[in-house]
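Chain by chain, the residues run as shown.
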Amino acid sequence: MRNQVKKELPAEATVSGSSRTDMVSEPKEEGSTPLAVPGVYFTCPLTGDVLRKDQRDTRIKEAILSHFSTDPVAASIMKIHTFNKDRDRVKLGVDTIAKYLDNIHLHPEEEKYRKIKLQNKVFQERINCLEGAHEFFEAIGFQKTLLPVPDQEVSEEFYVLSEAALAQPESLERHKEQLLSGEPVRAALNRQRRVFRPSPMASQFDLPSDFFNLSAEEAKREQKLRSEAVERLSMLRTKAMREKEEQREMRKYTYTLLRVRLPDGCLLQGTFYARERVAALYSFVREALQNDWLPFELLASCGQKLSEDENLAFNECGLVPSALLTFSWDMAVLEDIKAAGAKPDSSILKPELLLTIEKLS
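Residues numbered from 1 in each chain as written. Predicted model: local features only at pLDDT ≥ 70, side-chain atom pairs only at ≥ 80, totals over all residues. Heavy atoms only, no water.

(A) Region of interest: the overall build of the protein. On a plain count of helices and strands, the protein comes out with 13 helices and 12 strands. The buried share of the protein, reckoned over its 361 residues, is 39%. In the protein, the share of contacts with a sequence separation of at least 24, taken over all contacts with a separation of at least 6, comes to 71%. (Helix = DSSP H or I, 4+ residues; strand = E, 2+ residues; numbered from the N terminus. Buried < 20%, exposed > 50% of the residue type's maximum accessible area, 1.4 Å probe, protein only. Contact = heavy atoms within 4.5 Å.)

(B) Seen up close, the nonpolar core. Ranked by size, the top nonpolar core spans 54 residues in total, and within it Leu281, Val285, Leu319 and Phe327 carry the most contacts. Among the elements of the structure, helix 2 (56–66), helix 3 (72–83), strand 8 (255–261), strand 9 (267–273), helix 11 (278–288), strand 10 (296–299) and strand 12 (322–329) are those that each provide at least two residues to this core. Here this core takes seven residues from helix 11, the largest share from any one element. In this structure, Ile80, Val90, Leu130 and Ile140 belong to the second largest nonpolar core, which totals 25 residues. (Core = buried A, V, L, I, M, F, W, Y, C linked by side-chain atoms within 4.5 Å.)

(C) Just the environment of Leu146, in detail. Here Leu146 lies in strand 4 (residues 142–148). Between the alpha carbons of Leu146 and Lys117 there is a distance of 9.9 Å; along the sequence they are 29 residues apart. Those residues in contact with Leu146 that sit more than four places away from it in its chain are Ser155, Glu156 and Glu157.

(D) Inspection of the packing of aromatic side chains at higher detail. What the rule picks out here adds up to 14 aromatic pairs. Relative to Phe284, the ring of Phe272 lies with its centre 5.3 Å away and its plane at 85 degrees, an arrangement referred to as edge-to-face. Taken together, the residues Phe272 in strand 9 and Phe284 in helix 11 connect sequence positions 12 residues apart. There is no split in this pair, since Phe272 and Phe284 are both buried. Feature note: the residues Phe123, Phe136, Phe137, Phe142 and Tyr159 constitute an aromatic cluster, connected by ring pairs. The positively charged end of Arg56 is found above the aromatic ring belonging to Phe42, 4.3 Å away from the centroid. Over the ring of Phe83 we find Lys61; its NZ or CZ atom is 5.2 Å from the centre of that ring. (Phe/Tyr/Trp six-rings, centres within 6.5 Å; stacked < 30°, edge-to-face > 60°. Lys NZ or Arg CZ within 6 Å of the ring centre and 35° of its normal.)

(E) Structural detail: the sheet that holds strand 10. The strand order across the open sheet built from six strands is 7-9-8-12-10-11, with neighbouring strands paired in mixed fashion. Pairing within the sheet leaves two strands with one partner each, and these edge strands are strand 7 (194–196) and strand 11 (305–306). Here strand 8 pairs with strand 9 via seven bridges, running antiparallel. Opposite Leu258, over in strand 9, you have Gly270 as the bridge partner. (Pairing = 2+ DSSP bridges.)

(F) The pairing of strand 12, seen in detail. Burial within strand 12 is extensive, with six of its eight residues counted as buried. Relative to strand 12, strand 8 is paired through five bridges, and the arrangement is parallel. Within strand 12, the position partnered with Leu258 by the bridge is Ala323. In the sheet, strand 10 pairs with strand 12 via four bridges, with the strands oriented antiparallel. Considered in strand 12, the bridge of Leu298 is made with Phe327.

(G) Representation of the sheet that holds strand 3 (residues 115–117) within the structure. Across the sheet, three strands lie side by side as 3-5-4; this open sheet has antiparallel pairing. Each of the sheet's edge strands pairs with one partner strand only, and the pair in question is strand 3 and strand 4. When strand polarity is set aside, the average angle formed by the axes of neighbouring strands in this sheet is 35 degrees. Two elements, strand 3 and strand 5 (residues 155–161), share three bridges in a ladder whose sense is antiparallel. Residue Lys117 lies in a different strand from strand 5, and its bridge partner there is Phe158. (Axes fitted to C-alpha atoms, helices over the stretch in contact; angles between N-to-C directions.)

(H) Main features of unusual backbone geometry. Across the junction of Val320 and Pro321, the peptide omega takes the value -5 degrees, indicating a cis bond. Mapped onto the elements, Pro321 comes out in the loop between strand 11 and strand 12. In the Ramachandran plot, Gln192 falls in the positive-phi region, its phi being about 50 degrees despite a non-glycine side chain.

(I) Representation of the side chain of Ser162 in the model. Relative to the helices and strands, Ser162 resides in the loop between strand 5 and helix 7 (163–166). Looking at Ser162, the relative accessible area reads 16%, which means it is buried. Polar contacts involving the side chain of Ser162 include one to the main-chain amide nitrogen of Ala165, which spans 3.2 Å. (Polar contact = N/O pair within 3.5 Å; in protein donor to acceptor, adjacent residues only side chain to side chain.)

(J) Molecular detail of helix 11. Regarding helix 11, the residues found buried are Val278, Ala280, Leu281, Tyr282, Phe284, Val285 and Ala288. Of the surrounding secondary structure, the elements contacted by the buried residues of helix 11 are strand 8, strand 9, strand 10, strand 11, strand 12 and helix 13 (351–354).

Structure follows, in structure tokens:
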């Protein structure tokens, strides 16, 4: 039984992708060898700036705040949806604000709907707690005003809609729709697309710590503990235990670095989320092709064909934290092109990408 288990373990590792030569099992110490990529970077959708992972939240907040000087309504909506992390609370608050604006739209002659008491329990619990909510009210035409309380010698603070804003009901309706359809501003993962000349080092990946949820020290310690436990557990591992371990492996990585070897030997490299779908890689490759209309296939190192239509994530295919894939044209289509007397371009990649080609070190 022990010998049988030893035979099965490498087979299981091959299925899960853990034994591939193009996969890194633990983070490399930065500075020891050239890294395949300097780190994980993002692009701010508002400014276009490329940001390090530790910069993205701060810089996006700064970009939103600077947007108040040009479009306070849009900026306040972005602030509501981005600065507040509790999505259920945001939805409740946004729906409540929309209800206030609906009442004004449906009852323009009713003065009571133009006033919102700030100490009202609903306002306090659903809206006052949201960053950006006050800026939104002020941006669409509400003004803070102290109004006397009937039969009392005190005043309370209200938001009162200005006459100018009331005279433009279509604007209020548009602002309400903008608020309801708003989404958090998120930095987009920068693919860091690079093109390399053919290289025998194509399957070697030295990754920075950004690619690992564990620190380098933690990953090494876990690797050591796992090695020590393999022999002890090999006789006892059940299918449920193996599935649980595979799930844990899938969650270990947030990003993956993928290289695609083209028919001419050149390499196309990009950074992806580990949970992105295979279709994202197909789109990335297609954007780089001279003939982007021609169908093609991508094969994993084990020979597995990756289908663009399958709804599989990279970590479900064992393509984390790095992998080398092989590109091939659809042979049936190439035969049709040849039969028609035409030839596909000798250059696979777009000319502007070939100008950036590098040596893989």
